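# Results of the structural survey
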Amino acid sequence: MAQPQPFPADESALDAILNWTRDRIVNGPDPRNGAQSQAVLEAALGNAITPGGINGMRAFELFTNSIIPSTRPFNHPTSLAFVAAAPTPASLAFDAALGAAEIFAGNWDGGSGAIHAENQALSWLASLAGWPSSAGGAFVSGGTLGNLSALHAARAAWTKDRPDRWRILCSSEAHSSIAAVARVMDAELVLVEADAYGRMSADAARCAMVDGVFAIVGNAGATNCGAVDDLEGLATLAQEQDIWLHVDGAYGLAALACPETRKVFKGIERADSFIVDPHKWLFAPYDSCALVYRDPIKGARAHGQQGVYLDTLDHTAWNPSDYALQLTRRARGLPLWFSLVTYGTQAYEQAIAKTVQIASDLAREIDAAPNLELLLGPQLTVVLFKAANMKGSELADWCEVQRRSGALLCLPTKWHGEEVLRLCIVNPETNTDHVMKVLRTLN
Ligand SMILES: Cc1ncc(COP(=O)(O)O)c(C=O)c1O
């Protein structure tokens, strides 16, 4: 008698999952969803894992009825806090297929076709930055890992005497991941005070320069304020000091896709590495970060894993695990590639231009609104402003009411020590009239 299969396929559950996936891609998330307390979640999911299983349909209902409503709908066009997301329908649909394809893309042997296509997407980004066709790298899970991998390569490329202390120089507006990376690398941060717009100038960086700095990190779209540092001046400084220039463009470098906005990154063509997260403003799903080295050999010298069971692999082939701190990986750059191939690069150019236009329209209308005070921006697509008559807990309550009703996700941040409101537009479907209607209630 045939033994029962431990994991039989359940066609009805499969249909339910595929139908839900289709519906979600077509109709998007419910903007009213959001975090629940652990007690609520435990009540809903506490007995989910049982010795006998509860079958696929019921398991999937836990997902649709309890898990999904307690997650933030970042890709809804009313989601304007943090750096949200706006994956294209093609990238989302393809991502579901990619999951089913179960490609091992850690090395060429496992995923050559996928890696070749991912590399085309990396080459597109490198060419937008004005880099040679020899540039390359790998997709990693996010900007934090991209920054760590790049900065490890930067230190490995150091050819002078080992300093007493390793140091990374960056702006006071650098993303928190740079401080996290410095901690992991046991390096010290040399923080350079940004100017009134949040930019680090090359002069300020030069004044702050000390022994042991092995890399300068330039912002290409600081998260809090959208600032782009003086990349041209920083490239000259890095050259003078014979050190590495890494550009953190996790959010902002998406704007390379549009000739108008590309200009603000002048100097990037002289950097040694950059990152950009397609899951932020390049219309791809979670999670992916494009990590690109001008000279990929420097990346490979720093990374890669050796082990007897890996000896059968072709180490002369392009193995993404040679360029970052990773081995097993999904081909997480492929949804970007698929979407680029589907829509063409002009659609990306238009989508970036449209989000920039939306940010500029919002800034203009905020400036004109009597209950609001424009403070900064737009820088790329970040706008900082204040409500003239509301702050503290009253403002926090307003933000929570808007979020819970699904009207708008707009949250406070700090700017020059003061509590302010922040918008960051990455979704070309953001509706300016709707956003302004909500912001006018800040009274
Ligand atoms: C400028 C910048 N760098 C790095 C990161 C970290 O990226 P991730 O969240 O993908 O790790 C972010 C995230 O918001 C960012 O905005």
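Just so we're clear, the structure is a prediction, and the values are computed from it rather than from any experiment.

The next subject is the site of the ligand. Not every one of the 13 residues close to the ligand is listed here, only the nearest: Gly-143, Thr-144, Thr-223, Asp-248 and Asp-277. Note that an oxygen atom of the ligand is positioned 2.7 Å from one of the backbone N or O atoms of Gly-143. In this structure, an oxygen atom belonging to the ligand sits 3.5 Å away from a side-chain N or O atom of His-175. Sorting the residues of the shell around the ligand by element identifies helix H6 (143–156) and helix H11 (278–281) as the ones contributing at least two each. Counting residues per element, the shell around the ligand draws most heavily on H6, at three residues. A class-by-class count of the residues in the shell around the ligand yields one nonpolar, nine polar and three charged.

Another point: the packing of aromatic side chains. Evaluated as defined, the whole model comprises 13 aromatic pairs. Relative to Trp-166, the ring of Trp-158 lies with its centre 5.4 Å away and its plane at 85 degrees, an arrangement referred to as edge-to-face. Using a relative accessible area of 17% as the deciding quantity, one classes Trp-158 as buried. Grouped by ring-pair contacts, the aromatic residues Trp-20, Phe-60 and Phe-63 constitute a single cluster. Lying over the aromatic face of Trp-158, Lys-160 brings its terminal NZ or CZ to 4.6 Å of the ring centre. Over the ring of Trp-131 we find Arg-294; its NZ or CZ atom is 5.1 Å from the centre of that ring.

Our focus in this paragraph is the UniProt feature "modified residue: N6-(pyridoxal phosphate)lysine" (unreviewed entry) in the protein. In this structure's numbering, the residues bearing the UniProt feature "modified residue: N6-(pyridoxal phosphate)lysine" (unreviewed entry) are Lys-280. Ignoring any residue separated from it by four or fewer positions in sequence, one finds Lys-280 in contact with Val-83, Ala-84, Ala-85, Ala-86, Ala-250, Tyr-251 and Val-426. One polar contact links Lys-280 to Asp-277, side chain to side chain, over a distance of 2.5 Å.

Let us now look at helix H5 (residues 108–128). Its 21 residues place the ends of H5 only 25 Å apart at the C-alpha level, less than the 30 Å of an ideal helix rising 1.5 Å per residue. Of all the bends in H5, the largest measures some 50 degrees and sits at Ala-114. Among the residues of H5, Gly-111, Ala-114, Ile-115, Ala-117, Glu-118, Asn-119, Ala-121, Leu-122, Trp-124, Leu-125, Ala-126 and Leu-128 are the ones counted as buried. Close packing links the buried residues of H5 with strand E1 (136–140), helix H10 (259–262), strand E6 (273–276), strand E7 (289–293), helix H13 (334–343) and helix H14 (345–368). Of the residues one or two after H5, Gly-130 is the one with positive phi, at around 80 degrees.

So, about helix H3 (residues 56–67). Among the residues of H3, Phe-60, Thr-64 and Ser-66 are the ones counted as buried. The inward-facing, buried residues of H3 abut helix H1 (11–27) and helix H2 (38–45).

A few words on the sheet that holds strand E3 (residues 188–192). Strands sit in the order E1-E7-E6-E5-E4-E2-E3 across an open sheet of seven strands; the sheet is mixed. The sheet is open, and its two edges are formed by E1 and E3, each paired on a single side. Mean inter-strand twist for the sheet, computed between neighbouring axes without regard to direction, equals 20 degrees. Of the pairings in the sheet, the one linking strand E2 (residues 167–171) to E3 comprises five bridges and is parallel in character. Bridging from a neighbouring strand, Ser-171 pairs with Val-192 of E3.

Our next topic: empty space enclosed by the protein. This structure, assessed with the given rule, holds two cavities of 30 Å³ or more. Computed from the structure, the largest cavity encloses a volume of approximately 80 Å³. Taken together, Pro-31, Asn-33, Arg-72, Pro-73, Thr-78, Ser-79, Gln-402, Arg-403, Gly-406, Ala-407, Leu-408 and Leu-409 make up the full set of residues lining the largest cavity. Here the residues of the lining of the largest cavity are counted per class, giving five nonpolar, five polar and two charged. Of the domains in this structure, domain 1 (11–72) and domain 3 (346–439) are the two that each give at least three residues to the lining of the largest cavity. As a volume, the second largest cavity reaches approximately 60 Å³.

Rules used in this analysis
Residues numbered from 1 in each chain as written. Predicted model: local features only at pLDDT ≥ 70, side-chain atom pairs only at ≥ 80, totals over all residues. Heavy atoms only, no water. Near = heavy atom within 4 Å. Polar contact = N/O pair within 3.5 Å; in protein donor to acceptor, adjacent residues only side chain to side chain. Helix = DSSP H or I, 4+ residues; strand = E, 2+ residues; numbered from the N terminus. Nonpolar A, V, L, I, M, F, W, Y, C, P; charged D, E, K, R; others polar. Phe/Tyr/Trp six-rings, centres within 6.5 Å; stacked < 30°, edge-to-face > 60°. Buried < 20%, exposed > 50% of the residue type's maximum accessible area, 1.4 Å probe, protein only. Lys NZ or Arg CZ within 6 Å of the ring centre and 35° of its normal. UniProt positions renumbered as here; feature names shortened; annotations may be inferred. Contact = heavy atoms within 4.5 Å. Expected span 1.5 Å × (residues − 1). Bend = angle between axes of the 7 residues up to and from the residue. Pairing = 2+ DSSP bridges. Axes fitted to C-alpha atoms, helices over the stretch in contact; angles between N-to-C directions. 1 Å grid on protein atoms, 1.4 Å probe; cavity = no way out; pocket = protein on both sides within 12 Å on 5 of 7 lines; lining within 4 Å. Points joined across faces, edges and corners; volume = space filled by probe spheres on them. Domains from an automatic or database assignment.

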